[in-house]
Amino acid sequence: MINILQVVTSLLTGGAEHVVLDLVVGLRNKGYRVDLVLFNGQHTQFMDELTRLCKANDAKGLPELEIYRLSERASYYNLLYIPRLRKIMKNYDIIHTHNSSPQLFAAVANIGLNKKLLTTEHSTNNRKREIKYFSFIDRVMYNHYNEVVCISEKAKQKLCNYIGHTTADITVINNGVDVNSFYEAEPDNDLLYSKNGKTAIVMVAGFREAKDQDTLIRAVSHLDDKYVLWLVGDGVRKQKLKALVAELNIEEKVKFIGIRSDVKNILKAADIIVMSSHWEGLSLSNVEGMASGKPFIASNVDGLRDVTEGAGILFQHGNDKELADIIKHLSTDGVFYRQTAEKCRQRAKKFDVRIMISKYEQLYNSLMDGRTL
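Calculation criteria
Here, residues in each chain are numbered from 1, in the same order as that chain's written sequence. Local features are withheld for residues below a pLDDT of 70 in this predicted model, meaning they are given only at 70 or higher, and side-chain atom pairs are given and counted only at 80 or more; totals for whole chains, interfaces and linings count all residues. Only hydrogens and water are removed before side-chain values are computed, so all heavy atoms of the structure are retained for them. The helix and strand labels rest on DSSP assignments: H or I over at least four residues marks a helix, E over at least two residues marks a strand, and numbering proceeds from the N terminus. Each radius of gyration is computed over the set of C-alpha atoms, and the globule rule expresses the reference value as 2.2 Å times the number of residues to the power 0.38. When accessible area is computed with a 1.4 Å probe and restricted to protein chains, residues below 20% of their type maximum are described as buried, those above 50% as exposed, and intermediate ones as partly exposed. Pairs of residues are marked as contacts when any of their non-hydrogen atoms sit within 4.5 Å. In this description, accessible areas are obtained by the Shrake-Rupley approach with a 1.4 Å probe, and a residue is regarded as covered only by the protein chains that are shown. Two residue types count as positive, namely Lys and Arg, and two as negative, namely Asp and Glu; His and chain ends fall outside the count. Here the site of a charge means atom NZ of a Lys, CZ of an Arg, CG of an Asp or CD of a Glu. Salt bridges, as used here, are contacts in which a Lys or Arg side-chain nitrogen is within 4 Å of a carboxyl oxygen on Asp or Glu. The nonpolar core is taken to be a set of buried Ala, Val, Leu, Ile, Met, Phe, Trp, Tyr and Cys residues, with the residues joined through side-chain atoms within 4.5 Å. Strands were regarded as paired on the criterion that DSSP finds at least two bridges between them. Crossover handedness is defined by viewing with both strands directed away from the observer: a clockwise path from the first strand over the helix to the second marks the crossover as right-handed. Whenever two N or O atoms come within 3.5 Å, that pair is a polar contact, provided that in protein one can donate a hydrogen and the other can accept it, and provided that, for residues adjacent in sequence, both atoms are side-chain atoms. Pairing of aromatic rings covers Phe, Tyr and Trp, the last counted by its six-membered ring, and requires centre-to-centre distances within 6.5 Å; plane angles under 30 degrees mean stacked, over 60 mean edge-to-face, and any other angle means tilted. Here, a charge over a ring is recorded when the distance from Lys NZ or Arg CZ to the ring centre is within 6 Å and its angle to the ring normal is within 35 degrees. For helices, the fitted axis covers only the stretch in contact; all axes are lines through C-alpha atoms, and the angles between them, taken along N-to-C directions, range from 0 to 180 degrees.

Colleague: Could you give me a rundown of the overall build of the chain, with the residues and numbers involved?
Modeller: Along the backbone of the chain there are 16 helices and 13 strands. Rg of the C-alpha trace for the chain: 21 Å, near the compact-globule value of 21 Å for 373 residues, within the 12% margin. Considering only C-alpha atoms, the chain reaches an extent of 65 × 50 × 40 Å along its principal axes. Within the chain, the fraction of its 373 residues that count as buried is 57%. Expressed as a percentage of contacts within the chain between residues at least 6 apart in sequence, the contacts between residues at least 24 apart total 74%. Of the roughly 16300 Å² of accessible surface on the chain, 47% is carried by carbon and sulfur atoms. Each charge class in the chain was averaged separately, 50 positive and 45 negative side chains, and the resulting centres sit 3 Å apart.

Next comes the structure, spelled out in structure tokens:
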């Protein structure tokens, strides 16, 4: 049995966190021992979901899922984590890190332990890359990893340019979702009935810097009262978004739904799904939206373009009027609507979570010199 430790900043809602959840559950279901380290161990919906799924699926005689919480708050660069992490790492064969601080601290903690190290880059953009001295630190850090994975070709290209690696040094494994579960989900009845015959547009994303709900909100201000917008998520920009809605006088058309664990049911109740972002790695919300069997519209930016182009519809980043026109076209042309929805569904199948888990499984076994269960 290979013992795998996933190390991530938290289990707050996000793409990296979703991948970690899927890897822990999927690999444990295959018979691997997979446990988890959280730098910020505060209680979240993802934590409840992870615990529930592991208990439901653990029929392999595995030890109970271990979640190591290094803190109960958002403190990501506490140097005291290094000795604590080192002590935990001693009991595992492979250490798989996600996010910047786990990447760095695990590399330091592994000095002298010589555990197999693997990390996943989840974005095409990282603010630390704009800080001059970080580039040297990162080049040294990545050289301590046995494998580096990027979630898209664009993320790989940007990382290679940043650290000076050749593309042969880095593997691409696309993030995935359970495509069938999103397509076959039942719609949320409360939301379905609340539409009252109107066209419902939905965006599922945290209210943070990378996301551009602002452009979508402005697009809805160009539409008449036959349209409603549901914003699923929460975050530091919530009050700014609410202020923009008030400024545009469209409070009756925009509903802030909050963080929800039933996203697939919300997507099925909506008519059009939008992801408006400033940048992405490979957006799981992108794939989930396409998997739901509804037309998907996205900003023409790295990460979103890679998944959407040729299936869903791209609009110029920040162009609210173009976005409004696309929404109108979809809602008034039934043939175009159905064709777009079907192309989106077929594209989503390429990003099924089973493919992602299988590729990581192959990588783990390769790291252990081909030793399998």
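There's plenty left to go through after this.
Colleague: Go over the pattern of salt bridges with me, naming the residues and quoting the values.
Modeller: This structure, assessed with the given rule, holds 13 salt bridges. A salt bridge links Arg 237 to Asp 214, with the nearest nitrogen and oxygen atoms 3.0 Å apart. Taken together, the residues Arg 237 in the loop between strand S9 (227-232) and helix H10 (238-247) and Asp 214 in helix H9 (residues 213-221) connect sequence positions 23 residues apart. For Arg 237, a relative accessible area of 17% gives the class buried. Owing to a relative accessible area of 13%, Asp 214 belongs among the buried residues under this scheme. Shared partners join several salt bridges into a network, and the residues in it are Arg 28, Arg 33 and Asp 35.

Colleague: Explain the nonpolar core residue by residue, including any values.
Modeller: Leu 50, Ile 201, Val 202, Leu 216, Trp 230, Ile 297 and Ile 327 are the most contacted members of the largest nonpolar core, which has 96 residues in total. Look past the residues within four positions of Leu 216 in its chain and what remains in contact with it is Ile 201, Met 203, Leu 229, Leu 231, Val 274, Ser 276, Leu 323 and Ile 327. Among the nonpolar cores identified, the runner-up in size contains 31 residues, and Ile 88, Met 89, Cys 150 and Ala 155 belong to it.

Colleague: Give a detailed account of the pairing of S9, specifying residues and quantitative values.
Modeller: Along S9, 6 of the 6 residues are buried, which leaves the element largely enclosed by surrounding structure. Residues Tyr 227, Leu 229 and Leu 231 point to one face of S9 and Val 228, Trp 230 and Val 232 to the other, with burial holding for every one of them. For strand S8 (residues 199-204) and S9, the ladder comprises 6 bridges, and the chain directions are parallel. Of the residues in S9, the one forming a bridge with Val 202 is Trp 230. Across 4 bridges, the pairing between S9 and strand S10 (residues 254-258) is parallel. Bridge pairing in S10 places Leu 231 opposite Phe 256. Each parallel crossover has a hand, and for S9 linked through H10 to S10 it is right-handed.

Colleague: Can you tell me about the environment of Thr 119, naming the residues and giving the values?
Modeller: With respect to the element layout, Thr 119 can be found in strand S5 (residues 116-121). Each C-alpha atom, one on Thr 119 and one on His 96, is 5.4 Å from the other, the two residues being 23 residues apart in sequence. Excluding residues that lie within four positions of it along the chain, Thr 119 makes contacts with His 96, Thr 97, Gln 103, Tyr 142, Tyr 145, Glu 147, Val 148 and Val 149. Polar contacts involving the side chain of Thr 119 include one to the side chain of Thr 97, which spans 2.8 Å.

Colleague: Mind laying out the side chain of Asn 286, listing which residues take part and the relevant values?
Modeller: Its place among the elements puts Asn 286 in helix H12 (residues 284-291). A residue is classified by how much of its surface remains accessible, and Asn 286, at 0% relative accessible area, is buried. At 3.2 Å, the side chain of Asn 286 forms a polar contact with the side chain of Thr 308. Discounting chain neighbours no more than four positions away, the residues touching Asn 286 are Phe 296, Gly 303, Leu 304, Val 307 and Thr 308.

Colleague: Could you give me a rundown of the packing of aromatic side chains, with the residues and numbers involved?
Modeller: By the definition in use, this model includes 6 aromatic pairs. Between Lys 242 and the ring centre of Phe 256, over which it is positioned, the NZ or CZ distance is 5.5 Å. The ring of Tyr 183 has Arg 345 lying over it, and the distance from NZ or CZ to the ring centre is 3.6 Å.

Colleague: Go over the sheet that holds strand S13 (residues 313-315), please, and point to the residues and values.
Modeller: What the 6 strands build is an open sheet, ordered S10-S9-S8-S11-S12-S13; its pairing is parallel. The open sheet has two edge strands with one neighbour each: S10 and S13. For this sheet, the mean inter-axis angle between neighbouring strands, taken without regard to orientation, is 25°. Alignment of strand S12 (residues 296-299) against S13, held across 3 bridges, turns out to be parallel. Its bridge partner being in S13, Ile 297 is matched across the sheet by Ile 313. In this fold H9 packs onto S8, S9, strand S11 (272-275) and S13, with an angle of close to 165° to the strand it touches most, S9.

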